[in-house]
Amino acid sequence: MTNISLGFGRIAFKFGTLIAFLAILAGTPVQAAEEGSESSFVMHHIKDSYDWHLIDINHHPVSVPLPVILYNKGTGFDVFMSSAFHHDNAGKVPVEAGKNTYLKYHEKIYLANADGDLTFDDAGHPTNARPMLDLSITKNVFFSIITAIIVLWVFLSVASKYKKYGVAAPSGVQSLLEPVILFVRDDIAIPNIGKQKHERFMPYLLSVFFFIWFANLLGLFPGAANLTGNIAVTFTFAFITFLITNFSGNKHYWNHIFNTPGVPWWLKFGIPIMPIVEFIGIFTKPFSLMVRLFANITAGHIIILSIIGLIFIFKSAVIGVVSVPFAAAMTFLELLVAFIQAYVFTLLSAIYIGGAVEEAHDH
Amino acid sequence: MELIIPEAGLIIWQVIIFVLVVFILGKFAWKPILAALKARENSIEQALQSAEQARQEMEKLQANNEKLIREAKEERDQMLKDAAGIANQIKEEARDEASKITEKMIEDARSTIETEKKAALSEIKNQVAELSLQISEKLLRKNLEDDKSQKALIDEYVKEVKLN
């Protein structure tokens with residue numbers, strides 16, 4: 001009896017702590033938004049930035065500075081820390097690096113004009129030139145590196161266990177991740193690519209699955225970057241899938257695109273609708289991959305931030321009674337979405353690759 | 001709008017980072033992990049196969065054993081049957097023999113008895129004859145001791161002769 005009540009008490013305590021924790025952490029970024037509109041605070045947290053903003057203390061932002069690396073034709077690379085802007089985001093603090101002067105306006109770096117200032121068009125957008133190439137270690141790049149380190153660390157240690165214990169039963173993290181690895185192999189790769197050909201694509205499928213999953217999970221931490229909710233990141237994954245699909249495409253695959261079987265000849269060579277549709281399909285498939293992951297993760301972040309944002313819109317702690325548990329519930333949902341989106345991305349990649357390496361068979 | 005325009009710098013970094021991850025994990029993690037998983041699956045499959053084989057062999061052995069037992073039982077039954085038959089035959093034969101011997105013995109005894117009886121009878125006859133001779137001699141002697149009786153006898157004989 002005591003055990004049960006103790007256990008219940010512990011769960012209730014944990015749950016309470018979790019909610020309080022979420023409330024505190026979710027609340028921190030919101031303070032930064034008090035000055036601007038609430039929607040801009042949400043967008044600020046979804047978009048990339050040059051430094052890792054942690055918290056505002058007495059309206060003074062505290063952030064981790066990250067290196068800014070800019071390349072301009074003629075003047076070469078300019079490297080400085082993002083702290084040089086002193087949290088300025090309105091183009092007021094010029095940073096001189098090399099032969100150039102830079103200004104930061106709404107998380108974008110511009111080259112200063114002759115007056116050392118920004119020029120605005122009628123719509124209020126700066127018309128200044130931007131650096132030719134921006135290779136800064138932004139918040140997203142930083143979190144991508146962190147995700148890569150975590151993924152590498154986890155799987156290299158798991159691999160060392162396999163090397164040490166061979167075919168013995170798995171233990172620890174190994175037993176946690178082995179079913180997931182087997183899931184990727186047996187439920188994603190083999191059914192869609194085939195038993196003979198799947199092995200070649202396993203490194204990519206496993207890497208993309210775990211990288212996306214870990215990045216999704218990491219993105220749920222308050223203050224973390226919205227890595228998989230960034231279109232450049234999802235573009236990269238989708239583009240790699242695109243390259244793998246088309247470079248491993250066999251005769252059957254290309255024949256299916258340009259000479260689709262079962263279609264009247266005049267739709268192929270007379271009015272080439274089918275080849276055009278199929279050719280566009282080569283690009284729409286990875287495009288859908290890119291948008292799906294980006295939209296799902298970003299939407300989840302927007303919902304959670306908006307729910308928390310309600311407290312500050314209404315300027316009442318009472319709203320928190322409703323919105324904090326709701327945001328907590330959404331976070332649990334996002335934990336599920338984190339896995340599902342990693343799964344969907346990998347599954348669809350496997351299906352596209354499977355379609356490209358499939359051998360001709362009778363229709 | 002900015003949200004859906006990919007930044008070139010981030011793409012470049014992401015490609016570098018991700019390709020590195022795929023390369024390192026592919027070489028040092030996925031390869032040994034998948035190999036170990038495959039090896040484990042193979043060993044499990046082998047174990048299952050050998051277990052199945054063992055089971056089949058067991059079954060075969062059991063079937064053999066049953067067959068052997070059945071055969072042994074049949075043989076035993078046959079042997080018992082045969083033995084009973086032989087025993088019966090022996091008994092029968094013994095009985096026949098015994099009765100034959102008995103009959104023969106009885107026959108022999110009977111003939112012996114007959115012979116003995118004949119011998120005894122002839123002996124008795126001889127003795128009776130001898131005895132009668134002796135008695136008649138004694139009687140004759142006694143009766144013919146005096147003349148008178150001799151005469152009487154002669155007379156009698158004479159009488160008899162006359163009669164005849």
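Relevant structure appears above.
The rules we used
Residues numbered from 1 in each chain as written. Chains lettered and ligands numbered in written order. Predicted model: local features only at pLDDT ≥ 70, side-chain atom pairs only at ≥ 80, totals over all residues. Heavy atoms only, no water. Helix = DSSP H or I, 4+ residues; strand = E, 2+ residues; numbered from the N terminus. Buried < 20%, exposed > 50% of the residue type's maximum accessible area, 1.4 Å probe, protein only. Contact = heavy atoms within 4.5 Å. Core = buried A, V, L, I, M, F, W, Y, C linked by side-chain atoms within 4.5 Å. Domains from an automatic or database assignment. Buried area = accessible area lost by both parts, 1.4 Å probe. Salt bridge = Lys/Arg side-chain N within 4 Å of Asp/Glu carboxyl O. Polar contact = N/O pair within 3.5 Å; in protein donor to acceptor, adjacent residues only side chain to side chain. Nonpolar A, V, L, I, M, F, W, Y, C, P; charged D, E, K, R; others polar.

Visitor: Mind showing me how you'd approach the environment of A97 of chain A here?
Guide: Residues and elements named next belong to chain A. Here A97 shows up in strand β5 (residues 95-97). A residue is classified by how much of its surface remains accessible, and A97, at 8% relative accessible area, is buried. Residues A97 and L70, 27 residues apart in the sequence, show an inter-C-alpha distance of 9.5 Å. Residues in contact with A97, not counting those within four places in the same chain, are D78, F80 and Y102.

Visitor: Is there a simple way to think about the nonpolar core in this case?
Guide: For soluble globular proteins, the rule of thumb is that nonpolar side chains tend to be buried together. Among the nonpolar cores identified, the biggest contains 74 residues, and F155 and F210 of chain A together with I33 of chain B are the most heavily contacted of them. Mapped onto this core, the elements with two or more residues apiece are α2 (38-46), α3 (139-165), α4 (173-193), α5 (198-219), α6 (231-247), α9 (273-314) and α10 (318-357) of chain A together with α1 (8-143) of chain B. Residue assignment places this core across two domains, with domain 1 (61-137) and domain 2 (140-357) of chain A each supplying three or more. Residue contacts for F210 of chain A: discarding those within four places in its chain leaves V151, F155, L177, V180 and I181 of chain A together with W30 of chain B. Of all hydrophobic cores here, the second largest spans ten residues; its members include L70, Y102, I109 and L111 of chain A.

Visitor: What is the right way to read the interface of chain A and chain B from this model?
Guide: By convention, interface size is frequently given as the accessible area that disappears when the constituent parts associate. Contacts between the two partners involve 56 residues from chain A and, on the opposite side, 33 residues from chain B. Of the roughly 3700 Å² buried where chain A meets chain B, counting both sides, 77% is carbon and sulfur surface. Among the ionic pairs, K38 of chain B bridges to E199 of chain A, the shortest N-O distance being 2.6 Å. At the junction of chain A with chain B, the criterion picks out seven residue pairs in polar contact (both at pLDDT 80 or more). Elements that contribute at least two residues to the side of chain A that touches chain B include exactly α2, β8 (133-134), α3, α4, α5, α6 and α9 of chain A. For the side of chain A that touches chain B, the element with the highest residue contribution is α3 of chain A, accounting for 13 residues. When its residues are assigned to classes, the side of chain A that touches chain B shows 37 nonpolar, ten polar and nine charged.

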